[in-house]
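Topology and contacts: notes
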Amino acid sequence: MFSFIKKGLQKTVEAISAIIPEKKATISKDDLESILLEADVEYDLVEIILRELYQDNITREHLRSKLLATLSYAQNTLPDNPDKPTVSLIIGVNGAGKTTTIAKLAQHHLNNGERVILGAGDTFRAAAIEQLTRWADKLDVPIISSRQGHDPSAVAYDTIESAKARGFEQVIIDTAGRLHTQTNLGNELKKIVRICDKAHSGAPHRKILILDGTQGSSAIAQAKAFNEMVGVDGIIITKLDGTAKGGSVFSIAYALSLPILYIGVGEQPEHLIPFDKYEFVDGILDAIFGEEYNK
């Protein structure tokens with residue numbers, strides 16, 4: 001797994017190496033500030049980290065404890081749902097990687113021996129329905145869909161009812177990422193949440209927000225908006241391997257106080273990996289401190 005974390009941080013590590021070409025035993029606060037800002041850690045959080053480091057020469061141990069502290073909520077996991085099926089509602093803007101992530105989540109559940117059904121709830125775009133249907137065919141899992149423009153809440157209801165009737169353990173429902181206004185989007189998502197609960201009490205059990213890692217810290221405002229709309233339970237950060245903004249994970253976790261469930265570091269199903277804050281922090285630190293100081 002650690003190799004996948006390193007794969008996701010490769011461009012971030014390259015950006016850090018441009019600031020400190022040679023790894024060191026200690027770094028100055030000025031160098032640390034440059035490193036964190038280059039990795040797209042928000043300035044306010046950089047100031048907090050620097051203020052809480054009292055040493056002029058910062059060691060790996062000093063920095064590790066502070067970076068881990070910013071991820072205190074990130075390692076939290078979502079409680080298991082004993083009343084199957086478990087319904088996951090996938091939310092996020094178009095282009096964040098929702099559809100691909102749904103396929104990866106489905107594969108993850110299949111690998112665990114669970115039966116999965118998909119719901120094509122993004123009825124705003126015909127392309128979204130077609131793309132998710134192709135993934136369902138590829139994974140050999142059933143999908144409930146309708147034509148473009150139909151009520152997404154009806155799709156959600158039918159998907160859950162089908163899962164209950166057939167004894168499936170996992171339901172994963174896609175949603176639209178953009179309507180004409182944010183108010184319309186918020187109202188639609190709230191309606192889907194209400195209808196899910198009518199179909200299966202307590203559903204959706206997991207409202208999972210997909211964030212595009214290449215957007216870096218600018219995704220925070222987007223995440224806050226979705227959280228205000230329906231209440232987000234956990235986050236998946238995609239495309240981390242395609243950006244030098246790996247430090248934004250610290251900003252996102254610190255600002256939102258929500259679990260980061262997975263990170264995406266490639267296109268294959270195995271490239272959606274559970275987030276481990278210790279491995280993530282060590283991946284950053286390995287780019288700064290020499291091997292003899294990496295213990």
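As a reminder, the structure under discussion sits directly above these lines.
Everything numeric in this text was worked out from a predicted model, so none of it was measured. (Residues numbered from 1 in each chain as written. Predicted model: local features only at pLDDT ≥ 70, side-chain atom pairs only at ≥ 80, totals over all residues. Heavy atoms only, no water.)

**Quick notes on the sheet that holds strand β3 (residues 143-144)**
The condition that has to hold: Strands qualify as paired when DSSP identifies two bridges or more between them. Numbering of helices and strands runs from the N terminus; a helix is a DSSP stretch of H or I covering at least four residues, while a strand is a stretch of E covering at least two.
Taken together, the eight strands give an open sheet; going across it, the order is β3-β2-β4-β1-β5-β6-β7-β8, and neighbouring strands pair in mixed fashion. Each end of this open sheet is capped by a strand with a single partner; those strands are β3 and β8 (272-274). Direction of pairing for strand β6 (residues 234-238) relative to strand β7 (residues 260-264): parallel, over a ladder of three bridges. Pairing of I235 across the sheet is with I260, part of β7.

**A word on the pairing of β7**
This is how the line gets drawn: Here's how the labels work: a residue is buried when its accessible area is under 20% of the maximum for its type, exposed when over 50%, partly exposed in between, all with a 1.4 Å probe on protein chains only. When the strands point away from the viewer, a crossover counts as right-handed if the path from the first strand over the helix to the second runs clockwise.
Summarising burial for β7: five of the five residues are buried, a large majority. You can see the chain leave β6, run along helix α11 (residues 248-256) and come back into β7, and the turn it takes is right-handed. Sheet analysis places β7 next to β8, joined by three bridges and oriented antiparallel. Bridge pairing in β8 places G264 opposite L272.

**Considerations on the pattern of salt bridges**
Keep this limit in mind: Criterion for a salt bridge: a side-chain nitrogen of Lys or Arg within 4 Å of a carboxyl oxygen of Asp or Glu.
Tallied over the full model, the rule gives 11 salt bridges. Of the charged contacts in the structure, one is a salt bridge between R60 and D286, with a shortest N-O distance of 3.1 Å. Placement of the pair is R60 in helix α5 (residues 60-70) and D286 in the segment after α12 (277-285), with a sequence separation of 226 residues. Each member of the pair, R60 as well as D286, carries the same accessibility label: buried. One salt bridge connects K191 with D151, and the closest N-O pair in it is separated by 3.1 Å. Here K191, found in helix α9 (residues 182-199), pairs with D151, found in the loop between β3 and α8 (152-166); they are 40 residues apart in sequence, far enough to count as distant. Taken together, the salt bridges that share partners define one network made up of R60, R64, D282 and D286.

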